[in-house]
Amino acid sequence: MPKMKTKSSAKKRFTVRAGGTIKRGQAFKRHILTKKTTKNKRHLRGTTEVAKADVKSIRSMLPYA
C-alpha cells in the first residue's frame, strides 16, 4: 500500500494533543470585529477542543498524527 496523504487544510487547523484530544482555534474572530462586543471577542481567544461528533472525520484527515 502507498502512503496515505494528510489533508493540508487539516494539518494547518488542528493539532493532536498527547492525550489524543484534538485542539482547534476559535472561529468568528478574523474580521467584522467592530460590531462584536469586547466580552465576546475576549471569550473567543485561545483554543478549544474539537466536538466529539467531528473527531472521527478529523482523524481520517490526519492519518499520521
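Scoring rules and cut-offs
- Residues numbered from 1 in each chain as written.
- Predicted model: local features only at pLDDT ≥ 70, side-chain atom pairs only at ≥ 80, totals over all residues.
- Heavy atoms only, no water.
- Salt bridge = Lys/Arg side-chain N within 4 Å of Asp/Glu carboxyl O.
- Helix = DSSP H or I, 4+ residues; strand = E, 2+ residues; numbered from the N terminus.
- Buried < 20%, exposed > 50% of the residue type's maximum accessible area, 1.4 Å probe, protein only.
- Core = buried A, V, L, I, M, F, W, Y, C linked by side-chain atoms within 4.5 Å.
- Contact = heavy atoms within 4.5 Å.

Engineer: Teacher, can you tell me more about the pattern of salt bridges here?
Structural biologist: Should their charged atoms come close, side chains of opposite charge can pair. Counted according to the given criterion, the structure contains 1 salt bridge. With its nearest N and O atoms 3.7 Å apart, the salt bridge here joins E49 to R17. Taken together, the residues span a long stretch of sequence, with E49 in strand 3 (residues 47–49) and R17 in the loop between strand 1 (14–16) and strand 2 (22–25) at a distance of 32 residues. On the basis of relative accessibility, which here comes to 46%, the residue E49 falls in the partly exposed class. Overall, the relative accessible area of 34% leaves R17 in the partly exposed class.

Engineer: Mind showing me how you'd approach the nonpolar core here?
Structural biologist: The nonpolar side chains of a soluble globular protein tend to be buried with one another. Among the nonpolar cores identified, the biggest contains 6 residues, and these are A10, F14, I22, V50, I58 and L62. When neighbours within four sequence positions are excluded, I58 is seen to be in contact with F14, I22 and V50.

Interpretation note: all reported values are geometric properties and have no functional meaning in isolation.
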